[in-house]
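Residue strings, one per chain:
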Amino acid sequence: MDRNSGPVEGVEHPDHRVEFHLSSGDVEAVRFGISPGHELANAVRVLRRPAAHPLQWGWLRAVRDRLPRDDFALLATVVGDDGYLPDFLTTTPRWDLTPEIELDELRAAPLDPMRVDFGKMVRRSAGARQQALREMQEHPARARGMIADAWAAVWDAALSPVWPQLERLLRADVAVRSRTIATAGIASMAGDLHPQVSWGGGAVRVALRRHSEQVDCRGGGLVLVPSVMSSWGCMVLTEPPAQPTLFYPARGVTAGWARDSADIAAALGALLGAVRGGILLAAGTARTTSQVAADAGIAVSTASHHLAVLRGAGLVTSERDGARMLHLRTPLGEAMVGAVL
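Just so you know, these numbers come straight off a predicted model, no measurement behind them. (Residues numbered from 1 in each chain as written. Predicted model: local features only at pLDDT ≥ 70, side-chain atom pairs only at ≥ 80, totals over all residues. Heavy atoms only, no water.)

1. A few points about the pattern of salt bridges
Point 1. Taken as a whole and assessed by the stated rule, the structure comprises 17 salt bridges.
Point 2. Residues Glu19 and Arg17 are paired through a salt bridge, measuring 2.7 Å at the closest nitrogen-oxygen approach.
Point 3. For Glu19, a relative accessible area of 6% corresponds to the buried category.
Point 4. We note a salt bridge from Lys120 to Glu239, for which the minimum N-O separation is 2.5 Å. (Salt bridge = Lys/Arg side-chain N within 4 Å of Asp/Glu carboxyl O. Buried < 20%, exposed > 50% of the residue type's maximum accessible area, 1.4 Å probe, protein only.)

Here it is, written out as structure tokens:
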């Protein structure tokens, strides 16, 4: 390839990039989300090519022998080893998106857009995979049901056991990025997302291998989505009606990210004390003082004391909800939990 020539769509070139152009209204609408479907799709790719993903080897050793073979083979056919991911596999990422909601959205995915996605995959494949995808394109309703069942089976075997650890990493990343926007601005945050990402001329620029595009976010903003499983680099979603989306590697992903929650609690306990460490680890969802006490096996008055200490250190926040007081990790608390992973 002549690297002095301009980039050609679909052909690797160092100058390929997607630019998300943001108006002043778009800057205010930049938000973060998480995507269980994106994590699962990239987990399939990791399992297909483990040598290329050393940060996932600890997780790989734990899951590879319990995968449902036929379901995994079907998902691998749909996902492929690289490049384009069909849009129907994921819904719009958001902060409160759960695996259960993602699966429900997949089961109800509209059939006409699915046919379009299958057509794109057919053009990008060959041989037995191409034939299998062509059959799915011809019978999308049947394919949708089979893919959703396979999604559920592979999720239960591969990601469900480690979802708490994975989700903590994602939320810790979002907490840190949100804090950067608040204190240093969006340009500083974007420039620190990944070496492929930069900011300039009112646009978030993403260097890609085979694709270039100018995306006018048109007042709809941009969704930023951290990922543990795609730790190799960035991906984008640009085609309407999907929200413009940038997937980027979450910070703090190490080879030990999938270790057991008990190990994480022990590490936090060594720093904060066992009880406070356990309270902080469980504070990813809002709980009342009574619930905190019950979960920790301590008196309500003792829980109130520990929560006051954590609140004073800026690790949890407490807000009144009617007669109840709800306690939740702060961005600093999220970052501390994420750093232990």
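2. Thoughts on the packing of helix H13 (residues 289–296) against helix H14 (residues 300–312)
Point 1. Contact geometry for H13 and H14: axes closest at 8 Å, N-to-C directions at 105°. When the axis of H13 is compared with that of H14, the two are roughly perpendicular. On H14, the residues touching Thr289, Ser290, Val292 and Ala293 of H13 are Val300, Ala303, Ser304 and Leu307.
Point 2. Across the contact of H13 with H14, the residue classes tally to five nonpolar, three polar and no charged. (Axes fitted to C-alpha atoms, helices over the stretch in contact; angles between N-to-C directions. Helix = DSSP H or I, 4+ residues; strand = E, 2+ residues; numbered from the N terminus. Parallel < 35°, antiparallel > 145°, perpendicular 65-115°, else oblique. Contact = heavy atoms within 4.5 Å. Nonpolar A, V, L, I, M, F, W, Y, C, P; charged D, E, K, R; others polar.)

3. Quick word on the packing of aromatic side chains
Point 1. As enumerated under the stated definition, the model contains three aromatic pairs in all.
Point 2. Ring geometry for Trp151 versus Trp155: centroids 5.4 Å apart, planes at 5°, classification stacked. Of this pair, Trp151 and Trp155 both sit in helix H8 (residues 140–159), four residues apart, which is roughly one turn of that helix. Side by side, Trp151 and Trp155 carry an identical accessibility label, which is buried.
Point 3. Geometry around Tyr84 places Arg124 over its ring, the cationic atom sitting 4.7 Å from the centre.
Point 4. Over the ring of Trp95 we find Arg171, and its NZ or CZ is 4.3 Å from the ring centre. (Phe/Tyr/Trp six-rings, centres within 6.5 Å; stacked < 30°, edge-to-face > 60°. Lys NZ or Arg CZ within 6 Å of the ring centre and 35° of its normal.)

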